[in-house]
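Here is how the chains run, residue by residue.
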Amino acid sequence: MSSFGTNRPSGPREGDYYQRDLTVHPPAFTPIYKTSVTRSPQKALLSLEQGIGEITGPVFTADDLGPLDNDLILNYAKTGEPIGERIIVHGRVLDENGRGVPHTLVEFWQANAGGRYRHKKDTYLAPIDPNFGGCGRCLTDENGYYYFRTIKPGPYPWRNYVNSWRPAHIHFSIFGRSFTQRLITQMYFEGDPLIDVCPIVKTIPDPEAIKRLIAPLDLRATVPLDCRAYKFDIVLRGRRSTLFENRLEGN
């Protein structure tokens, strides 16, 4: 029987998780990012004690995944392989004390090499790649390590202000050991000039926190004549935590 979606007791007890440092997170109300104006809370946030619902989490096993779930180059291919730069993304999922988080589900989704998502609401003029689906998932190993193959996504324009462009990025969803560690975030690529001018990135007040969202090129993990590699470690809570995607709440 699959254990996908069931709950389990987490390792830490109530109170063992560190409180997040709100000074490094973007404010909920940031007019430079236009949609935050209507989505930001109108009243002060409440601080709640951690209960059983927060310190338990879902269980996932290898039986819940398909053999190509972590290979975005092949998992949607029909008439050939997708167009674009072939890359590997790899790293470790860590807790607030720097320990690897084993056997946790890592999901990822992205635009294609032209900067277009396979989604009915994406109307960007870049073409859909018939051999690229743009989503996948994997489990971390016993040391918290994960990896997947994909096509490097392209940047795309968006209707924030005139001539606003999103840097190339990959979205991540990580479950952790418990719902308190739940994280949704984005990974950017080292050297992308659009990072410094992106209205979403500019809502983050801490330059060091921004650096934690940028994956450096990792030639040691590169496959010669095949794929370049980028290394992206994900920290679920604590002082060095990876920022939550565009929101104050989360990690």
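One can find the structure itself at the top, above this paragraph.
In this report, the structure presented in the accompanying data block is examined. (Residues numbered from 1 in each chain as written. Predicted model: local features only at pLDDT ≥ 70, side-chain atom pairs only at ≥ 80, totals over all residues. Heavy atoms only, no water.)

As for the packing of aromatic side chains
Thought 1: Overall, the coordinates contain 11 aromatic pairs when judged by the stated rule.
Thought 2: Their ring planes at 25° and their centres at 6.4 Å tell us that Tyr146 and Phe148 sit as a pair that is stacked.
Thought 3: The exposure class of Tyr146 is buried, given its relative accessible area of 1%.
Thought 4: For the ring pair Phe189 and Tyr230, a centre distance of 4.9 Å and an interplane angle of 85° mean the geometry is edge-to-face. Of this pair, Phe189 sits in strand S10 (residues 183–189) while Tyr230 sits in strand S12 (residues 228–231); the two residues are 41 residues apart in sequence, bridging distant segments of the chain.
Thought 5: By relative accessible area, Tyr230 is classed as buried at 3%.
Thought 6: By way of ring pairs, the aromatic residues Phe108, Tyr146, Phe148, Phe172 and Phe232 are connected into one cluster.
Thought 7: Here the basic side chain of Lys152 rests over the ring of Phe189, its NZ or CZ set 5.0 Å away from the ring centre.
Thought 8: Between the NZ or CZ atom of Arg182 and the centre of the ring of Phe175, over which it lies, the distance is 4.1 Å. (Phe/Tyr/Trp six-rings, centres within 6.5 Å; stacked < 30°, edge-to-face > 60°. Buried < 20%, exposed > 50% of the residue type's maximum accessible area, 1.4 Å probe, protein only. Helix = DSSP H or I, 4+ residues; strand = E, 2+ residues; numbered from the N terminus. Lys NZ or Arg CZ within 6 Å of the ring centre and 35° of its normal.)

Concerning the pattern of salt bridges
Thought 1: By the definition in use, this model includes 10 salt bridges.
Thought 2: The partner of Arg137 in a salt bridge is Asp69, and the shortest N-O contact between them spans 3.0 Å. Residue Arg137 is found in strand S5 (residues 135–139), and its partner Asp69 is found in the loop between strand S2 (56–59) and strand S3 (86–94); the two are separated by 68 residues along the sequence.
Thought 3: Judged by relative accessible area, which is 22%, Arg137 ranks as partly exposed. (Salt bridge = Lys/Arg side-chain N within 4 Å of Asp/Glu carboxyl O.)

Notes on the sheet that holds strand S4 (residues 105–110)
Thought 1: If you trace the 5 strands from one edge of the open sheet to the other, you get S5-S4-S9-S10-S11, paired in mixed fashion. Both edges of this open sheet fall to S5 and strand S11 (214–215), since each of them pairs with a single strand only.
Thought 2: Across 6 bridges, the pairing between strand S9 (residues 169–174) and S10 is antiparallel. Counterpart to Ile170 in the pairing with S10 is Met187. (Pairing = 2+ DSSP bridges.)

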